[in-house]
Amino acid sequence: MVAVFDDPRRAARPMTPLLAIEAIEAARGHIDPAHLDTPVATSAALDAALGCHLLAKIETANPIGSFKARGADAFVATALAPGEAVACASAGNFGQGLARACARRGHACTVFVSRHANPLKVEALRRFGADVHVAGEDFDAAKDAARVYAGMHGLRFVEDGAEPAIAEGAGTIGLELAPSHAFDAITVPLGNGALLTGVGSALRLRAPRVEIVAVVARAAPAMQRSLVEGRVVRTDDAPTIADGIAVRVPIARTLGLLRRCCDDVVDVSEQHLVDAIVLLHRHLGLVAEPAGAAGVAAVLARPRRYAGRRVATIVCGANLAAPLRAQLLGA
C-alpha cells in the first residue's frame, strides 16, 4: 500500500533500509522472557463497540508495565561496553526498562524526567535503581538536559528512538504477531518511533499486506507533521494526557525509516484516548495509560475505516497516573 504522505518527487531518492529481520530475531535472545510471547486478547463486546474485530497485543503484564523493556534489554546486552554508564531522558517507561536492564547487567543508569512527569513512573524509576534527575517542563527539555549531563560526566547518552538495538527489541512484538494471527491492519502508537520502526520493519517483511497506521495525539502533532512533510517539524508544546507519545522535537535521522514503516499517520483527540482507556478496562479488564490505548483510540476516531476488518493494536503501557485512574476507572 502506498503511504498517504508519499511524494512522487521523492521516488528517485535512495530508500531507507528496514531493520534486518535477522537482527530482530536475534534480539529475542537478549530479552528477559518475562517480556516475551505476550498474549493477544479479544472480546465480542469490544468488537461490537468498535465495529471491527480487535486483536489487542497486551504488553502490560510484565515487571515494568510496558513494552519498553524489550528494546532496553536488547540495547544493554549488545550496545554497551562492560560497566559503561548511561544517561537518558524518559517520560517514564523507557527509563524503567533501561534502569532495570542496566541493574541486571552491572551498568549505572541516570534518567532525566520533566517536572511534570507521572509520579507513578518516577517512583518506579527509583525502584529499579535509576539515579533520577528532574529538569525541564516536558520530555524534550529533559532530553536536552540529559544530553548535556552525559557529555559533562562521560556517560553514554541513550536516545530512545535513535538506537537500532532498541527498535530491534521492540520489533519482536511484530514477529510474535505475524505468524500467529491474521489481521488486515494494525494501529501503532507513535512517540519517538522505536515501536513503529521495529514492528513496522517486522511486518513489512513478514506480513507485507498488512496496513500499518501510526497514531499520535492531536495535541502532540510533531511526529505526524514531520512524516507528512518529510522534514523535522517542531511544536512549541505537546499538551496531551498521553505522556508516552508527547513529542515536540522528532529525531531527524529516523524519519526516512519511519515513513517506510507505516502507510498512514493519524491523530486522535484527548476524548478518544479517554474513551479507549475506559473500553479496554470495561471489556478486557486492562489498565492502559493514554499512550497505551492510542491504537484503540484510532479505531474510535475513524470507525468507518476499520468497519468489519480484523485490526491488531499494541496495548503498550499500563502506567496510568493515579488521578486519571481514579477519575476514569474508579480505582
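Within the protein chain, the secondary structure is distributed over 14 helices and 10 strands. What you see for the protein chain is a C-alpha radius of gyration of 18 Å, in line with the 20 Å of a compact globule of 331 residues. Taking the principal axes of its C-alpha atoms as reference, the protein chain extends roughly 55 × 55 × 40 Å. Counting only residues that meet the buried cut, the protein chain has 61% of its 331 residues in that class. Residue pairs at least 24 apart in sequence account for 74% of intrachain contacts in the protein chain once pairs closer than 6 positions are excluded.

By the definition in use, this model includes one cavity of 30 Å³ or more. Its boundaries defined by the atoms lining it, the largest cavity holds a volume of some 320 Å³. Lining the largest cavity are 28 residues, with K68, D160, G191, G244 and I245 positioned closest to its centre. Of all the elements in the fold, those that place two or more residues in the lining of the largest cavity are helix 4 (93–105) and helix 8 (194–206). Of the residues in the lining of the largest cavity, the class split is 14 nonpolar, nine polar and five charged.

Another point: the sheet that holds strand 4 (residues 109–113). In any sheet, the strands associate via hydrogen bonds between backbone groups, in a parallel or an antiparallel arrangement. Spatially, 5-4-3-6 is the arrangement adopted by the four strands of the open sheet, whose pairing is parallel. Strands at the two margins of the open sheet, each flanked by one partner only, are strand 5 (131–134) and strand 6 (156–158). When strand polarity is set aside, the average angle formed by the axes of neighbouring strands in this sheet is 25 degrees. Pairing of strand 4 with strand 5 involves four bridges; the strand directions are parallel. Along strand 5, the bridge assignment pairs T110 with D131. Docked against the sheet, helix 6 (residues 139–153) engages strand 3 (86–89), strand 4, strand 5 and strand 6, running at close to 160 degrees with respect to strand 3.

On to the confidence of the model for the protein chain, then. Per-residue confidence for the protein chain gives a mean pLDDT of 95, with 95% of residues at or over 70. Per-residue pLDDT stays below 50 along residues 8–12; that stretch engages in four contacts with residues further than four places along the chain or on separate chains.

Most of strand 10 (residues 310–315) is tucked away, with five of its six residues classed as buried. Summarising the sheet, strand 2 (residues 53–58) and strand 10 pair through six bridges and their orientation is parallel. When the bridges of strand 10 are listed, A56 appears paired with T313. The pairing of strand 7 (residues 185–189) with strand 10 spans three bridges and is parallel. Residue pairing for strand 10: A185 is matched across the bridge by V311.

A word on the side chain of T38. Tracing the backbone shows T38 in the loop between helix 1 (21–27) and strand 1 (40–41). For T38, a relative accessible area of 13% gives the class buried. Setting aside residues up to four positions removed in sequence, T38 forms contacts with K57, I58, E59, R70 and E176.

Our next topic: the nonpolar core. In this structure, L98, I186, L190, L195 and L196 are the most contacted members of the largest nonpolar core, which totals 65 residues. Among the elements that line this core, the one with the most residues is helix 7 (residues 164–177), at seven residues. Contact partners of L195, with chain neighbours within four places excluded, come to F67, A170, I173, V188, P189, G200, I314 and C316.

Our focus in this paragraph is the sheet that holds strand 10. Spatial ordering of the open sheet is given by 1-2-10-7-8-9, a layout of six strands whose pairing is mixed. What marks the edges here is a single partner per strand, and that holds for strand 1 and strand 9 (264–268).

Let us now look at helix 7. An α-helical segment advances 3.6 residues per turn. Residues three or four places apart therefore align on the same side. In this model, helix 7 (14 residues) spans 20 Å end to end at C-alpha, consistent with the 20 Å of a helix rising 1.5 Å per residue. Along helix 7, the sharpest change in direction is near 25 degrees and occurs at A170. Within helix 7, 13 of the 14 residues are buried, which leaves it mostly tucked inside the rest of the structure.

Another point: helix 5 (residues 119–127). All of the buried residues in helix 5 are K121, V122, A124 and L125. For helix 5, the angular spread of buried residues about the axis comes to 160 degrees, placing them on one side. In helix 5, the exposed positions that point more than 90 degrees away from the buried face belong to P119, E123 and R127. Tucked inside the fold, the buried residues of helix 5 contact helix 4, strand 4 and strand 5. At the N-terminal end of helix 5, a side-chain oxygen is found 2.9 Å from the backbone nitrogen of L120, two or three residues along, and the residue is N118. Phi turns positive one or two residues past the end of helix 5, at G129, with a value near 100 degrees.

Turning next to the packing of aromatic side chains. Across all of its chains, the model carries one aromatic pair by this definition. For the cation-ring pair, R127 lies above F128, with the distance from its terminal atom to the ring centre recorded as 5.5 Å.

Closest axis-to-axis distance for the helix 3 (residues 68–79)/helix 4 pair is 8 Å, and the angle between their directions is 40 degrees. Taken together, the axes of helix 3 and helix 4 are oblique relative to one another. Where helix 3 crosses over helix 4, the two elements pack in a sense that is right-handed. Touching K68, A69, A72, D73, F75, V76 and A77 of helix 3 are N93, F94, G97, L98, A101, C102 and R105, all from helix 4.

Conventions used here
Residues numbered from 1 in each chain as written. Predicted model: local features only at pLDDT ≥ 70, side-chain atom pairs only at ≥ 80, totals over all residues. Heavy atoms only, no water. Helix = DSSP H or I, 4+ residues; strand = E, 2+ residues; numbered from the N terminus. Rg over C-alpha atoms; globule rule 2.2 N^0.38 Å. Buried < 20%, exposed > 50% of the residue type's maximum accessible area, 1.4 Å probe, protein only. Contact = heavy atoms within 4.5 Å. 1 Å grid on protein atoms, 1.4 Å probe; cavity = no way out; pocket = protein on both sides within 12 Å on 5 of 7 lines; lining within 4 Å. Points joined across faces, edges and corners; volume = space filled by probe spheres on them. Nonpolar A, V, L, I, M, F, W, Y, C, P; charged D, E, K, R; others polar. Pairing = 2+ DSSP bridges. Axes fitted to C-alpha atoms, helices over the stretch in contact; angles between N-to-C directions. pLDDT = per-residue confidence, 0-100. Core = buried A, V, L, I, M, F, W, Y, C linked by side-chain atoms within 4.5 Å. Expected span 1.5 Å × (residues − 1). Bend = angle between axes of the 7 residues up to and from the residue. Arc of directions from axis to C-beta. Polar contact = N/O pair within 3.5 Å; in protein donor to acceptor, adjacent residues only side chain to side chain. Phe/Tyr/Trp six-rings, centres within 6.5 Å; stacked < 30°, edge-to-face > 60°. Lys NZ or Arg CZ within 6 Å of the ring centre and 35° of its normal. Parallel < 35°, antiparallel > 145°, perpendicular 65-115°, else oblique. Left-handed = near helix turned anticlockwise from the far one by under 90°.

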